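Breakdown of the fold
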Amino acid sequence: MYLGVDSLSLDSILREDRNRMAQQLSTIRHTLDELQAEAAESYHYEYHKGGSDTIIYSMNLCRDTTRYASKHHNANHPTFYSDEYLYFNYQPYHDVREVGATLQYTVHTPNPGPQAEKNSLESLTSGIARLFIQNKIKPRMAMWRHDKTYSDSIHAVDSKDFESRIIIGGNGLEGVTHAQIFTVPREQEEKARQFYDEISRMALQFTEGNLDVLYRYNYLTFDESYWGDILTCYYDETTSYSINMRRNESGFHFVIANTKGMEWFPVDWPSIKTFVNGKVSYFKGMEPKKDE
């Protein structure tokens with residue numbers, strides 16, 4: 001979504017996006033074509049019409065046939081599930097000017113035990129906090145909670161209270177998030193860029209360990225990221241951990257969030273100290289301006 005630009009500027013932005021996507025797609029397809037020769041089983045589908053493309057790759061890269069399953073989705077396109085599998089989906093959405101792409105690679109790693117996993121996340125959190133504190137940026141502690149009654153009442157509507165609502169599992173919609181928020185002033189963009197790069201490096205290093213959590217790491221640069229979902233970890237269907245960045249007119253806001261239940265981020269979360277079922281309190285000096 002692009003706000004505040006005219007149609008000519010929007011066309012230019014979309015054209016640049018398409019060119020960048022085409023280059024990325026070429027690199028991805030070259031790699032996937034090579035992997036197909038090594039896959040135990042693979043599927044490849046393409047459809048081209050009127051300048052729009054649909055391209056799907058699905059591969060089972062595991063040789064152990066006892067740890068394998070497959071499912072069919074979207075007009076019988078198979079997805080393979082094993083100790084190592086890959087899925088890529090590239091297709092237009094909304095209209096042919098925009099495309100969506102998903103590249104998922106999953107590999108099973110040995111279970112290091114709950115204590116090693118816990119210490120790894122604690123180490124990552126303390127490392128990020130130390131990075132900011134060394135630069136004299138103190139955290140703001142926040143708590144955002146939505147109970148079952150409130151959550152059920154707004155689940156089916158487009159609530160204006162939340163910027164992001166992540167629903168996982170089937171154990172109810174309620175949740176509570178405890179967060180640390182670090183803010184870099186808007187005029188210190190280069191410093192924020194350095195923080196973003198270092199946090200991304202630390203998060204990627206964390207994923208290289210032996211983990212028994214489902215995680216998602218986003219390979220985005222500082223310039224590509226507006227809502228910067230850097231890392232998300234899911235212990236199970238009720239507990240998650242995430243590192244995000246948000247930029248707005250007041251600065252660059254980094255958050256470390258620990259959630260029990262469903263993770264819902266309130267609108268203007270960098271300013272919100274508490275959110276409890278729609279009732280909001282703000283950090284001092286960050287209250288919304290009253291209309292004149």
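This text goes with the structure placed above it.
Residues numbered from 1 in each chain as written. Predicted model: local features only at pLDDT ≥ 70, side-chain atom pairs only at ≥ 80, totals over all residues. Heavy atoms only, no water.

Focus on the environment of Thr 238
Examined against the element boundaries, Thr 238 turns out to sit in the loop between strand S11 (227-234) and strand S12 (239-248). For Thr 238, a relative accessible area of 25% puts it in the partly exposed group. Counting along the chain gives 64 residues from Thr 238 to Glu 174, while the straight-line C-alpha distance between them is 9.7 Å. (Helix = DSSP H or I, 4+ residues; strand = E, 2+ residues; numbered from the N terminus. Buried < 20%, exposed > 50% of the residue type's maximum accessible area, 1.4 Å probe, protein only.)

Here we look at the nonpolar core
Grouped together as the largest cluster of nonpolar side chains are 28 residues, with contacts concentrated most on Leu 124, Phe 132, Leu 231 and Phe 254. Counting residues per element, the ones that place at least two in this core are helix H2 (114-133), strand S9 (175-185), helix H4 (189-207), S11, S12 and strand S13 (251-261). Trp 144, Leu 173, Val 255 and Phe 283 belong to the second-largest nonpolar core, a separate cluster that totals 17 residues. (Core = buried A, V, L, I, M, F, W, Y, C linked by side-chain atoms within 4.5 Å.)

A few points about the packing of aromatic side chains
In the structure shown here, the tally under the stated rule is 14 aromatic pairs. Their ring planes at 70° and their centres at 5.8 Å tell us that Tyr 196 and Phe 222 sit as a pair that is edge-to-face. You can see Tyr 196 sitting in helix H4 and its partner Phe 222 sitting in the loop between strand S10 (214-217) and S11, a full 26 residues away along the chain. For Phe 222, a relative accessible area of 2% puts it in the buried group. Linked through ring pairs, Phe 132, Phe 182, Phe 195 and Phe 254 together constitute an aromatic cluster. The positively charged end of Arg 140 is found above the aromatic ring belonging to Phe 283, 4.9 Å away from the centroid. Across from the ring centre of Phe 222, 4.4 Å away, lies the NZ or CZ of Arg 247, which sits over that ring. (Phe/Tyr/Trp six-rings, centres within 6.5 Å; stacked < 30°, edge-to-face > 60°. Lys NZ or Arg CZ within 6 Å of the ring centre and 35° of its normal.)

Brief notes about H4
Under the 1.5 Å per step criterion, the end-to-end length of H4 is 27 Å for 19 residues, consistent within 8% with the ideal 27 Å. Every buried residue of H4 is listed here: Ala 192, Phe 195, Tyr 196, Ile 199, Ser 200, Met 202, Ala 203, Phe 206 and Thr 207. Buried residues in H4, looked at end-on, bunch into an arc of 165°, giving them a common side. (Expected span 1.5 Å × (residues − 1). Arc of directions from axis to C-beta.)

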